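Structural features, examined
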Amino acid sequence: MKIRFDVFGKLMSVERKGDEWLLFNVSSSGMRARIYEVVIPPELKQDELAVYLDDIFHEQSSDNHPSVITLSE
C-alpha cells in the first residue's frame, strides 16, 4: 500500500512494508527516494499519517502550502 501526500508543497509517499512505515520523497517524474531520517512509529494507523507528517515537517509550512494533504490511498 502506497499513500501519497502533499507535504507543504513537496510530494511524498508512505508505504507499509511488514511492520513498518517507509517514507519517500517523490520527484515530478515519479522517482522515489527513501527518507531514512524520519521514522514513522509502526503503531500509527493509516488515517493518522497526515497529522504525523504535519507535526514532523510543520516548519516547512507557508501561506501557499499551510498543511499536509492526502492525495491518494
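Residues numbered from 1 in each chain as written. Predicted model: local features only at pLDDT ≥ 70, side-chain atom pairs only at ≥ 80, totals over all residues. Heavy atoms only, no water.

1. Quick look at the overall build of the chain
Heads up, the rule is: Only DSSP runs of H or I reaching four residues or more are called helices, and only runs of E reaching two or more are called strands; each is numbered from the N terminus. The globule rule is 2.2 Å times the number of residues to the power 0.38, and the radius of gyration it is compared with is taken over C-alpha atoms. Relative accessible area decides the class of each residue, using a 1.4 Å probe on protein chains only: under 20% of the type maximum gives buried, over 50% gives exposed, and in between gives partly exposed. Residue contacts are counted whenever heavy atoms from the two residues lie within 4.5 Å of one another.
When helices and strands are tallied, the chain shows one helix and five strands. Overall, the chain shows an N-to-C arrangement of helices and strands of β-β-β-β-α-β. Against the compact-globule benchmark of 11 Å for 73 residues, the chain has a radius of gyration of 12 Å, which places it among compact chains. Oriented by its inertia axes, the alpha-carbon framework of the chain measures out at about 35 × 25 × 25 Å. Within the chain, the proportion of its 73 residues that are buried is 33%. In the chain, the share of contacts with a sequence separation of at least 24, taken over all contacts with a separation of at least 6, comes to 41%.

2. A look at the packing of aromatic side chains
Formally: For Phe, Tyr and Trp, rings pair up if their centres lie within 6.5 Å, where Trp contributes its six-membered ring, and each pair is then called stacked (planes under 30 degrees apart), edge-to-face (over 60) or tilted (otherwise). Counted as over-ring charges are cases with an Arg CZ or a Lys NZ within 6 Å of the ring centre that also lie within 35 degrees of the ring normal.
According to the stated counting rule, one finds zero aromatic pairs in the structure shown. For Arg16, the ring lying beneath its charged end belongs to Trp21, and the centroid distance is 4.7 Å. The ring of Phe24 has Arg32 sitting right over it, with the charged end atom 3.9 Å from the ring centre.

3. Focus: the confidence of the model for the chain
As a general rule, the predicted coordinates of low-pLDDT regions are not to be interpreted in detail. Just so we agree on the cut-off: For every residue, the predictor assigns a confidence score, pLDDT, that lies between 0 and 100.
Averaged over every residue, the pLDDT of the chain is 94; the share at 70 or more is 99%. Taken element by element, the predicted model of the chain shows its lowest mean pLDDT in strand S5 (residues 68–72) (93) and its highest in strand S3 (residues 20–26) (97).

4. Overview of the pattern of salt bridges
What counts here: One side-chain nitrogen of Lys or Arg within 4 Å of one carboxyl oxygen of Asp or Glu is enough to make a salt bridge.
One pass over the full model with this rule turns up one salt bridge. The partner of Arg32 in a salt bridge is Glu15, with the nearest N and O atoms 2.9 Å apart. One end of the pair, Arg32, is in strand S4 (residues 32–34); the other, Glu15, is in strand S2 (residues 10–17), with 17 residues separating them in the sequence. Residue Arg32 is classed as partly exposed on the basis of its relative accessible area of 31%.

5. Focus: the environment of Pro66
You can see Pro66 is positioned in the loop between helix H1 (49–57) and S5. Those residues in contact with Pro66 that lie beyond four places of it in its chain are Phe8 and Ser61.

6. Remarks on unusual backbone geometry
Positive phi outside glycine occurs at Phe8, with the angle close to 55°. For Phe8, the location among the structural elements is in the loop between strand S1 (2–7) and S2. Classification of Phe8 as buried rests on a relative accessible area of 7%.

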